[in-house]
Amino acid sequence: MNWEKNVRKVVPYVAGEQPKDQNVIKLNTNENPYPPAPGVANIIQNFDCEVLRKYPDLDMSALVDALSAYHGLDSGQVFVGVGSDDVLAMSFLTFFNSGQPILFSDITYSFYDVWADLFRIPYQCQALDEHFCIQKEDYMKPNGGIVLANPNAPTGVMTELSVLEEIIAANQDAVVIVDEAYVDFGGRSCVSLIDKYDNLLVVQTFSKSRSLAGMRIGYAMGSPKLIHYLNDVKFSFNSYTMNALTIAAGAASVADEAYFRQNLAKVIATRERTKKELARLGFTFGDSMTNFIFAAHKTVPAQEIFEALRANQIYVRHWNKPRIANYLRISIGTDEEMDRLIAFLEQYLETVEK
Ligand code: PMP
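Residues numbered from 1 in each chain as written. Predicted model: local features only at pLDDT ≥ 70, side-chain atom pairs only at ≥ 80, totals over all residues. Heavy atoms only, no water.

**Q** Describe the nonpolar core, listing the residues and the values that go with them.
**A** In this structure, Val-80, Leu-200, Leu-309, Leu-341 and Leu-345 are the most contacted members of the largest nonpolar core, which totals 82 residues. Of all the elements, helix H10 (residues 335-353) adds the most residues to this core, at seven residues. If near-sequence neighbours (up to four positions away) are discounted, Leu-200 is found in contact with Ile-168, Val-176, Val-178, Cys-190, Leu-193, Ile-194, Met-221, Gly-222, Ser-223 and Leu-226. Among the nonpolar cores identified, the runner-up in size contains 26 residues, and Phe-96, Val-114, Trp-115 and Ala-116 belong to it. (Core = buried A, V, L, I, M, F, W, Y, C linked by side-chain atoms within 4.5 Å. Buried < 20%, exposed > 50% of the residue type's maximum accessible area, 1.4 Å probe, protein only. Helix = DSSP H or I, 4+ residues; strand = E, 2+ residues; numbered from the N terminus. Contact = heavy atoms within 4.5 Å.)

Spelled out as C-alpha cells, the structure:
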C-alpha cells in the first residue's frame, strides 16, 4: 500500500511537440530542414537485416573511429551514446558525485536541472547578465562540476573560447562539461582544449547539424581518463546502447564532409536573412550562432504571437518562465518555411499593432 512513498519521483523534461499533422511548419525543436547525407540513405536502403541477429559491436568502432579521425583524437577519447541527452545524462551520473553543488546558468538547456534532480545532485543556477552572457566570476567558486552550453540554448548566445578556458583552468578539481549541440552553426569548439585539460568533456550531437535527430546519435570527447570513467558507468547501466544500423549510418554521415558543409552554409544563410526580416518587423534578439533565433517583440507579448502562429500551423517554442516569458525560440527551417513565417508575422503584427 505504501510503495508509492518510496518511488523515485521526478518532474520530467518537457520536449517540444511532435505534431502528427505533416502540414505544420515545424520550427519548435531545432531540427535541420534538410535531409541527412545521401550516404546515410544508402546505408539504410542496403542494410542487411541478417546483421540484427547478433548484438551490435560493443566498441561501436565504425562510429568511434570515424569521429576520432574527424576531430583528430584517439579512439580512447570518444564516447558515443543515444543522442547527446543520453551522453549528458551518463556524464552527470559519472562525474557529478561530490555532494557539492554543480553550476549552470539560470537560462540554459532545461534538461540540466532535471538530470540533477533525478540523480540527486545539488545544483546552483548562475544568473546570465542582461545580454544573456555568462559572468565568468560566477564559476570561480567551490563546486561539484560545471555544465555550460556553448552556444547557449535557448538564447543562441556564444561565449568566447578564452572565457571558457579561464573557467576550465580555474576548476581543475571538477569536471567541466561543454555542451556543443549547436557549435557547427558558427560557434567555436572547445575540442582544441581537450589535450590541455583532462577535466574537460565536450559533448556534440548528430541531431542538428547532421540532420539525424531521429537516429539518436550524440558523443563526448575528452581525456582518455574521463572517457574510461564514462564507459565504466555506461557498461554498468546498459552495454548495448547503439544499434548496428545507427552505428553504420552515423559513420556514413561523418564520411561526407562536403554535404555537411553545404547543408550548414544553407542554414546559416537562411538564419542571417531571417534575422534581417525579424528586425524589420520589430523583433529584438542576440546574435545567434545556432540554428534558431531567440526573439522578443518590442510591443506584442510573446505568448500572443505564439498562439497566433500556432493557430496558423506554425509551431515555435515558448517558455512561461522567469526572464524569458517574452521570448520565442524560432528554429531555422527552409527558405520557403521562413518566408511563410515572415509573411504571416507581417500581416498579423500589422493588425494587432493598430
Ligand atoms: N543539448 C542542447 C543544448 C540541446 O538543445 C539539445 C536538444 N534538445 C540536446 C543537448 C540534446 O539533443 P540530442 O539528444 O538530440 O542529441
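Here the narrative resumes.
**Q** Please provide a residue-by-residue account of the sheet that holds strand S9 (residues 283-285), values included.
**A** Sheet strands associate in pairs through backbone hydrogen bonding, adopting either a parallel or an antiparallel arrangement. Overall, antiparallel pairing links the three strands, which are arranged S9-S10-S12 in an open sheet. Strands with a single pairing partner mark the edges of an open sheet, and in this sheet they are S9 and strand S12 (328-331). Sheet twist, expressed as the mean angle between neighbouring strand axes with direction ignored, is 45°. Strands in contact with helix H8 (residues 257-280) are S9, strand S10 (292-297) and S12; relative to S9, the strand with the most contacts, it is inclined by about 130°. Where helix H9 (residues 302-311) meets the sheet, it contacts S9, S10 and S12, and its direction lies at approximately 40° from that of S12. (Pairing = 2+ DSSP bridges. Axes fitted to C-alpha atoms, helices over the stretch in contact; angles between N-to-C directions.)

**Q** Mind laying out the site of the ligand, listing which residues take part and the relevant values?
**A** Inspection of the region around the ligand gives 13 residues, with Ser-84, Asp-179, Tyr-182, Thr-205 and Ser-207 positioned closest. At 2.6 Å from an oxygen atom of the ligand is found a side-chain nitrogen or oxygen belonging to Ser-84. In the model, an oxygen atom of the ligand is placed 2.7 Å from a nitrogen or oxygen of the Arg-216 side chain. Alone, the ligand offers 400 Å² of accessible surface; in the complex the protein occludes 91% of this. One can see that the ligand is located within the largest pocket. A per-element tally of the shell around the ligand places helix H3 (residues 83-95) first, with four residues. Per-class residue counts for the shell around the ligand are five nonpolar, four polar and four charged. (Near = heavy atom within 4 Å. Polar contact = N/O pair within 3.5 Å; in protein donor to acceptor, adjacent residues only side chain to side chain. Areas by Shrake-Rupley, 256 points an atom, 1.4 Å probe, with all protein chains shown as cover. 1 Å grid on protein atoms, 1.4 Å probe; cavity = no way out; pocket = protein on both sides within 12 Å on 5 of 7 lines; lining within 4 Å. Sits in = over half its atoms within 2 Å of the grid points. Nonpolar A, V, L, I, M, F, W, Y, C, P; charged D, E, K, R; others polar.)

By themselves, these figures tell us nothing about what the structure is for.
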